[in-house]
Amino acid sequence: MSRTPRRARTTRALLAAAGVATLTAGLAACGGDSLEKSGGQDASGRPGEGSLVIGSASFTESKVLAEIYAGLLKDAGYSTTIKTVDARELYEPELENGKIDIVPEYAATLAEFLNKKQNGKDAPTVASADADATVKALRKLAGPRGLKVLDAGRAVDQNAFAVTKDFAAKHQLKTLSDLGAAKERVKLAAGDECPQRPFCQPGLEKTYGIGITGIDPLEVGSTQAKQAVKSGKDQMMLTTTTDATLEQFGLVLLEDDKKLQNSDNVLPVVNAKKAGSQKIADALGKLNRVLTTADLTELNKKVDAQRLKPADVAARYLKDNGLLTKEKQ
């Protein structure tokens, strides 16, 4: 994922536990407003009958997922456009009012976004490490807003912590519990909100007994944070489970074996009136049979490291996994 979208993505990760934060507003993709056309429009500029607008956030993973959704829906007989919008604060209202029909989303993050939007910034959290319970809570909040939450898949993009391979080998670490048991104190590269966020420093200390010597306030998942851990300046960093560039820096994730993080499973959310049909649910549901967290990481890697286009990466994934009807593959 490119560097500006990386901020958008890691902000999403922070929102999973922190609720709604103020994000930079404005439509953006590839340096400007974006309405990537792959289907016809009527005279008003709104796609015609049988057409769907798919919303995408401005980070790599969301763009690839939007392209995959577009491919599945085209295969089911729809024409589609993809509209890229920077922030959830902008695209979620458009999903409610029908200007956007479908968005690839994350269960815990969207649940807390809608929870804070409806009940205030200090509302008790509704998301948890239980995926089924989180999706149930999300549906309860989304329904009255005219939104339909489709089934979640196995793929998860949530907060995660990484160390160098050498550090993990030296202290025999595979999980965060292992790090706590090793009594090895670490300096953590993370956002400056980390000392206050329950999924970050307080959670690491309380849930895992990990000794944090200090926070290096570097952008979550950034190249600077990875360099700091690689060099030994810091010993651990906050990133996400689908970070595609960890291997380049000799880093590995430690498993969140006690489920500190909320379940941010990938799922489609649709405008119930315009895109709530069973046909659309069936078309998008095909993805749940195959998409894994490892797949998401690899898809991100193809765009971020190999510089392939999201549309090309999505098309190859659909073909390789047999997700299109035979005559269209």
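Residues numbered from 1 in each chain as written. Predicted model: local features only at pLDDT ≥ 70, side-chain atom pairs only at ≥ 80, totals over all residues. Heavy atoms only, no water.

**Q** So, the overall build of the protein chain: which residues are in play, and what are the values?
**A** Along the protein chain, the regular secondary structure elements total 13 helices and eleven strands. Accessible area for the protein chain stands at about 14400 Å²; split by element, carbon and sulfur atoms hold 49% of it. (Helix = DSSP H or I, 4+ residues; strand = E, 2+ residues; numbered from the N terminus. Areas by Shrake-Rupley, 256 points an atom, 1.4 Å probe, with all protein chains shown as cover.)

**Q** Can you explain unusual backbone geometry? Please cite residues and give values.
**A** Notably, Lys183 is not glycine yet its phi reads approximately 55 degrees, a positive angle. Within the secondary structure layout, Lys183 lies in the loop between helix H7 (176-182) and strand S7 (186-190). Under the relative-accessibility criterion, Lys183 is labelled exposed at 67%. (Buried < 20%, exposed > 50% of the residue type's maximum accessible area, 1.4 Å probe, protein only.)

**Q** Before we move on, can you summarise the packing of helix H4 (residues 107-119) against helix H5 (residues 131-142) with the specific residues and values?
**A** Any two packed helices are characterised by the angle at which their axes cross and by the distance between the axes. Between H4 and H5, whose axes approach to 9 Å, the crossing angle comes to 40 degrees. Here H5 runs oblique to H4, going by the angle between their axes. Taken as a pair, H4 and H5 cross one another with a handedness that is left-handed. Judged by residue contacts, Ala107, Ala108, Leu110, Ala111, Leu114, Asn115, Gln118 and Asn119 of H4 engage Thr134, Val135, Leu138, Leu141 and Ala142 from H5. Here the contact of H4 with H5 is built from residues that sort into nine nonpolar, four polar and no charged. (Axes fitted to C-alpha atoms, helices over the stretch in contact; angles between N-to-C directions. Parallel < 35°, antiparallel > 145°, perpendicular 65-115°, else oblique. Left-handed = near helix turned anticlockwise from the far one by under 90°. Contact = heavy atoms within 4.5 Å. Nonpolar A, V, L, I, M, F, W, Y, C, P; charged D, E, K, R; others polar.)

**Q** Explain the pattern of salt bridges residue by residue, including any values.
**A** Scanning all chains against the criterion turns up 13 salt bridges. One salt bridge in this structure joins Asp216 and Lys233, with 3.4 Å as the shortest N-O distance. You can see Asp216 sitting in strand S8 (residues 212-217) and its partner Lys233 sitting in the loop between helix H9 (223-231) and strand S9 (236-240), a full 17 residues away along the chain. What emerges from the salt-bridge pattern is a single network uniting Glu92, Glu96, Lys117 and Arg145. (Salt bridge = Lys/Arg side-chain N within 4 Å of Asp/Glu carboxyl O.)

**Q** Any details on the pairing of strand S6 (residues 159-164)? Residues and values, ideally.
**A** Taking burial as the measure, the six residues of S6 include six buried ones, the bulk of the element. Note that S6 and S9 share four bridges and pair antiparallel. In the strand pairing of S9, Asn159 is matched with Thr240. (Pairing = 2+ DSSP bridges.)

**Q** Go over the state of the cysteines, please, and point to the residues and values.
**A** Taken as a whole and judged by the stated rule, the model has one disulfide. Put simply, Cys194 and Cys200 are joined by a disulfide, and their sulfur atoms are 1.9 Å apart. Classification of the bridge connecting Cys194 and Cys200 rests on its S-S torsion, roughly -90 degrees, and on that basis the disulfide is left-handed. The pair Cys194 / Cys200 is uniform in exposure class, with both members buried. (Disulfide = S-S within 2.5 Å.)

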